[in-house]
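Now for the letters of each chain:
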6 protein chains.
Amino acid sequence: MVYITRIEHFNAAHKLFNPDWSREKNEEIFGKCANENWHGHNFELYVTVKGEPDKETGFVYDAKKLSTIIKEYVTDVLDHKNLNVDVEFMHGKICSIENLVVGIWEQLKNNLPASTQLHALKLYETPRIFVEYFGE
Amino acid sequence: MVYITRIEHFNAAHKLFNPDWSREKNEEIFGKCANENWHGHNFELYVTVKGEPDKETGFVYDAKKLSTIIKEYVTDVLDHKNLNVDVEFMHGKICSIENLVVGIWEQLKNNLPASTQLHALKLYETPRIFVEYFGE
Amino acid sequence: MVYITRIEHFNAAHKLFNPDWSREKNEEIFGKCANENWHGHNFELYVTVKGEPDKETGFVYDAKKLSTIIKEYVTDVLDHKNLNVDVEFMHGKICSIENLVVGIWEQLKNNLPASTQLHALKLYETPRIFVEYFGE
Amino acid sequence: MVYITRIEHFNAAHKLFNPDWSREKNEEIFGKCANENWHGHNFELYVTVKGEPDKETGFVYDAKKLSTIIKEYVTDVLDHKNLNVDVEFMHGKICSIENLVVGIWEQLKNNLPASTQLHALKLYETPRIFVEYFGE
Amino acid sequence: MVYITRIEHFNAAHKLFNPDWSREKNEEIFGKCANENWHGHNFELYVTVKGEPDKETGFVYDAKKLSTIIKEYVTDVLDHKNLNVDVEFMHGKICSIENLVVGIWEQLKNNLPASTQLHALKLYETPRIFVEYFGE
Amino acid sequence: MVYITRIEHFNAAHKLFNPDWSREKNEEIFGKCANENWHGHNFELYVTVKGEPDKETGFVYDAKKLSTIIKEYVTDVLDHKNLNVDVEFMHGKICSIENLVVGIWEQLKNNLPASTQLHALKLYETPRIFVEYFGE
């Protein structure tokens, strides 16, 4: 069993706010992240799949194809977008990095070939904060 | 003459658009960067000052004080903000990284001690794009 | 279950020596790391907690609060210090990075809210050496 | 149980090709990686061993000794080499990074002291692609 | 005057050898880099152009267009290639990184718009070795 | 004229203090950096030499030889040392990174071949602070 990881990049705007709360409560809980005019990040996404290397290709999964799938279902959807406004799969959710990584998992798991097992996602929001999700 | 550089970080939203142009022309020229709902970045700012090391302290300029000044006049003004909407010194300018670095220079040059010579700014917008400005 | 990691930085001096051994044996076993006048490092500490994202905030645990707790119980205690001399929780232990990461775990595990589960620590001593600890 | 990781570097040439296939099929499956005149990479290898810190040294395993063993059995064998042509343990295998990491594991597992448990290898082929192997 | 830099990546094989010398002399002078079966690297190329930000776009030069030009004239020519064998502009030259960066300059300077001034190239061969060239 | 840079690493302890001042004044001016029991850093040193590539080798200066000279005159002298106590060329100086980079320049300039022109040094003290020196 070998694990292969492809790293992709996207830039996006977002804000943290809960529509059930007052502006004051949003600012109290989310601080600067609640700025109503948005802020943004360079996100780094690590996508890890696992499997046995194929006898004929030596590949667990072709990293170029993996990149193409991530591009189609994730980074083309998120890059240079507003995560709260422009991204359908985040509608109705608090736009935290925790909810974002779970949303990306849902996008990917249904769009990888049946033979390819999605193992982990890692998502950097800043150089000092990242989340990981294993579908559990 | 020794050069000392302090690196600081901020996150912000922006978009590239020229208010004299139609939405179509903005999209033609600026592509994804013109998304009307904004996008954003983790910016890394390198501030370089130069001078002769002081005999008593060994410092060109105390890096902690430099950090405090950058924080007061730049990163507190830009961090978790919308560069087009929230930042006074960018009003009326296209919000490109080129114009941003010149704007940051103006903020800093008047707020450093007379004895400290601002030499260069470097500003990363993404891990693969940065600008530099020397005040010339 | 989502894992969120916050990275913090500290600088410190230390040396590797076993007080039960002669200076010669310390130098034989620990090499340059036994220099009696100390050496030092820029340490990078990764603190990972895990949990389910909160319905109202989208957070596993607020990364800013996590940073504040790491600062109070770890980096304020270690930053710009001599790990052998100045840090109470390392007294009587060989000041290896392995023992240091276990000591940091003990500091953190009792000072996080009961609802927050500490999952892992990763500690870089140089850009080419790091340790990990999971409390097991 | 503490995990300690040492990172080492090597540069090498390789190509992806399956000798049972025509040149056309190799190019169809492997794309640019099948260039018959080779291409190459700066590889970064992370070697992780695990154990309990020794009472007398504070070490799971001396990182300098670990570096020496990796050098003798892996990087001296691979550095500035052609992985397909010059490396005996890759003969008869497709020279993918997945097969390479498994081959490195075989080299290391028999050449570490009995008391040292090899836990994981991570191998970067480019800044955006890496594999991991746990011997399972 | 603002400087904007775009970073691009390519992987390639090469060797250092002087065809006027014996194999022994090549190995004496170039060491492991003379391996007749080639070795390779992940190269990082920094391309810096300079100018005044345009009033209407805020750009010195559109970073996306710069990327497209670098791709067409440099990275498509070098990526996944053998620098000695496959790259016409390196024929008859020792394939050192110094000669490579000068060759890349020649490729770029004639293929940028007349209004765009090429200022500098920086080329990393390994994480610890890079060259710079200013066309002088 | 091509510039080639070699990056080397060393770890060391130091403190900032002026022996002409009281302990209180040292703490007031240098803050945590004045800790009498020392602190330390992982230093990254960039050494840049310049020249025309040699016709026969393609080299401005052999990067391996440059590494050997830096090792002999700089990193062997500084690595795993106390900069204030163990390093002769820092005696009688405030042990700031500004004074350190000038001291390293003095070590190198007399120990490079006459044909090799030392152009610049860059020295990182932390990931967010570095100095540069050009011998002027």
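Scroll up a little and you will see the structure.
Residues numbered from 1 in each chain as written. Chains lettered and ligands numbered in written order. Predicted model: local features only at pLDDT ≥ 70, side-chain atom pairs only at ≥ 80, totals over all residues. Heavy atoms only, no water.

Per the secondary structure count, chain A includes 4 helices and 5 strands. Helices and strands in chain A line up, N terminus first, as β-α-β-α-β-α-α-β-β. Along the first, second and third principal axes, the C-alpha set of chain A runs to 60 × 25 × 25 Å. By residue count, 61% of the 136 residues in chain A fall in the buried class. (Helix = DSSP H or I, 4+ residues; strand = E, 2+ residues; numbered from the N terminus. Buried < 20%, exposed > 50% of the residue type's maximum accessible area, 1.4 Å probe, protein only.)

Listed as interface residues are 23 residues of chain F and, on the opposing side, 23 residues of chain C. Approximately 1,700 Å² of surface area, both sides summed, lies buried where chain F meets chain C, with 50% of it carried by carbon and sulfur atoms. When the buried area of chain F at its contact with chain C is split by residue, Asn37(F), Asn42(F) and His80(F) rank highest and sum to 32% of it. Counting across the chain F and chain C interface gives 2 salt bridges. With a shortest N-O distance of 2.5 Å, Asp79(F) and Lys32(C) are connected by a salt bridge. For the side of chain F that touches chain C, the leading source of residues is strand β2 (residues 39-51) of chain F, giving 5 residues. Here the side of chain F that touches chain C is composed, by residue class, of 6 nonpolar, 11 polar and 6 charged. (Contact = heavy atoms within 4.5 Å. Buried area = accessible area lost by both parts, 1.4 Å probe. Salt bridge = Lys/Arg side-chain N within 4 Å of Asp/Glu carboxyl O. Nonpolar A, V, L, I, M, F, W, Y, C, P; charged D, E, K, R; others polar.)

All right, on to the interface of chain B and chain A then. Counting residues at the interface gives 23 residues for chain B and 23 residues for chain A. Ranking the residues of chain B by area buried against chain A places Asn37(B), Asn42(B) and His80(B) at the top, with a combined share of 32%. Where chain B meets chain A, there are 2 salt bridges. Of all elements in the fold, only β1 (2-14), β2 (39-51), β3 (81-82), α3 (83-86) and β4 (117-126) of chain B reach the threshold of two or more residues within the side of chain B that touches chain A.

Here the focus is the pairing of strand β1 (residues 2-14) of chain E. With respect to burial, β1(E) is a largely interior element, 12 of its 13 residues being buried. Here 5 bridges tie strand β5 (residues 129-133) of chain B to β1(E), and the two strands are oriented antiparallel to one another. Each residue of the ladder has a partner; that of Val131(B), found in β1(E), is Ile4(E). Both β1(E) and strand β2 (residues 39-51) of chain E contribute to a ladder of 13 bridges, which runs antiparallel. Looking at β2(E), one finds that Ile4(E) is bridged to Val49(E). Pairing of β1(E) with strand β3 (residues 81-82) of chain E, which is carried by 2 bridges, proceeds in the parallel orientation. Looking at β3(E), one finds that Ala13(E) is bridged to Asn82(E). (Pairing = 2+ DSSP bridges.)

A few words now on the relation of the copies chain B and chain A. With an axial shift of 0.0 Å and an RMSD of 0.0 Å, the rotation relating chain B to chain A amounts to 180 degrees. Overall, the copies show the geometry of a two-fold rotation axis. Both copies contact each other with a shared surface, as 100% of the interface residues of chain B are interface residues in chain A too. (Least-squares fit on C-alpha atoms with pLDDT ≥ 70 in both.)

Turning to the packing of helix α2 (residues 63-78) of chain C against helix α4 (residues 97-109) of chain C, a few remarks are in order. Residue and element names in this part refer to chain C. Here α2 crosses α4 at 140 degrees, and the two axes come no closer than 10 Å. For the element pair α2 / α4, the angle class is oblique. The two elements α2 and α4 meet at a crossing, and its hand is right-handed. Across the interface between the two elements, Ile69, Ile70, Tyr73, Val74 and Leu78 from α2 touch Leu100, Ile104, Gln107 and Leu108 from α4. (Axes fitted to C-alpha atoms, helices over the stretch in contact; angles between N-to-C directions. Parallel < 35°, antiparallel > 145°, perpendicular 65-115°, else oblique. Left-handed = near helix turned anticlockwise from the far one by under 90°.)

Of all C-alpha pairs spanning chain B and chain C, none lies closer than 14 Å, and the two are not in contact. For chain B and chain D, which are not in contact, the least C-alpha distance works out to 12 Å.

We now examine the state of the cysteines. Residues and elements named next belong to chain A. In total, this model carries 0 disulfides over all chains according to the counting rule given. The cysteine cysteine 33 is free of any disulfide, with cysteine 95 supplying the nearest cysteine sulfur at 11 Å. According to the relative accessible area criterion, cysteine 95 is buried, its value standing at 2%. (Disulfide = S-S within 2.5 Å.)

In this section: the pattern of salt bridges. Applying the stated rule across the entire model yields 42 salt bridges over all chains. Residues Arg23(C) and Glu27(C) are paired through a salt bridge, measuring 3.5 Å at the closest nitrogen-oxygen approach. Here Arg23(C) and its partner Glu27(C) are both found in helix α1 (residues 23-30), 4 residues apart, which amounts to about one turn of the helix. A salt bridge links Glu36(E) to Arg23(E); its shortest N-O distance comes to 3.3 Å. A residue pair is termed long-range when its members are at least 10 positions apart, and Glu36(E) in the loop between α1 (23-30) and β2 and Arg23(E) in helix α1 qualify at 13 residues. Classification of Glu36(E) by relative accessible area gives partly exposed; the value is 41%. When its relative accessible area of 49% is taken as the criterion, Arg23(E) is described as partly exposed. Counted as one network, the salt bridges with shared partners bring together Arg23(A), Glu27(A) and Glu36(A).

A few words on the environment of Met90(D). All names here are of chain D. Of note, methionine 90 is situated in the loop between α3 (83-86) and α4 (97-109). Put simply, methionine 90 and tryptophan 105 are 15 residues apart on the chain and 12 Å apart in space, counted from C-alpha to C-alpha. Excluding its chain neighbours within four sequence positions, the residues that come into contact with methionine 90 are Leu83, Cys95, Ser96, Asn99 and Leu100.

This brings us to the packing of aromatic side chains. Applying the stated criterion to the full structure yields 48 aromatic pairs over all chains. Geometrically, the ring pair formed by Trp105(B) and Tyr133(B) is edge-to-face, given 5.3 Å between the ring centres and 80 degrees between the ring planes. Pair noted here: Trp105(B) is in helix α4 (residues 97-109) and Tyr133(B) is in strand β5, with a separation of 28 residues, a long-range link. A relative accessible area of 9% means that Tyr133(B) is categorised as buried. Taken together, the ring pairs connect Tyr46(A), Tyr124(A), Phe130(A), Tyr46(C), Tyr124(C), Phe130(C), Tyr46(D), Tyr124(D) and Phe130(D) into an aromatic cluster. Positioned over the ring face of Tyr46(C) is Lys122(C), at 4.9 Å from the centre of the ring. Above the ring of Trp21(F), the side-chain terminus of Lys25(F) is found at 4.5 Å from the ring centroid. (Phe/Tyr/Trp six-rings, centres within 6.5 Å; stacked < 30°, edge-to-face > 60°. Lys NZ or Arg CZ within 6 Å of the ring centre and 35° of its normal.)

On to the side chain of His39(B), then. Residue position: His39(B) is located in strand β2. Judged by its relative accessible area of 1%, His39(B) is buried. Among the polar contacts listed, one links the side chain of His39(B) to the side chain of His41(B), at a separation of 3.4 Å. If near-sequence neighbours (up to four positions away) are discounted, His39(B) is found in contact with Asn11(A), Ala12(A), Ala13(A), His80(A), Lys81(A), Ala12(B), Ala13(B), His14(B), Lys15(B), Lys32(B) and Cys33(B). (Polar contact = N/O pair within 3.5 Å; in protein donor to acceptor, adjacent residues only side chain to side chain.)

Distance in space between the C-alpha atoms of Arg23(A) and Leu118(A) is 39 Å, their sequence separation being 95 residues. Polar side-chain contacts of Arg23(A) include one of 3.3 Å to the side chain of Glu36(A).

All right, on to the environment of His119(B) then. Residues and elements named next belong to chain B. Mapped onto the secondary structure, histidine 119 falls in strand β4. A C-alpha to C-alpha distance of 9.4 Å links histidine 119 and isoleucine 4, two positions 115 residues apart in sequence. If sequence neighbours within four positions are ignored, histidine 119 has contacts with Tyr3, Thr48, Val49, Lys50, Trp105, Tyr133 and Phe134.

Residues and elements named next belong to chain E. The phi dihedral of tryptophan 38 is positive, around 80 degrees, even though this residue is not glycine. One can find tryptophan 38 in the loop between α1 and β2. We classify tryptophan 38 as buried; its relative accessible area is 14%.

Residue and element names in this part refer to chain A. With 8 of its 10 residues buried, strand β4 (residues 117-126) lies for the most part within the structure. Where strand β2 (residues 39-51) meets β4, 7 bridges bridge the pair, whose relative direction is antiparallel. Among the inter-strand pairings, valine 49 is bridged to a residue of β4, identified as leucine 118. Once β4 ends, the chain turns through 2 residues before running back antiparallel as strand β5 (residues 129-133).

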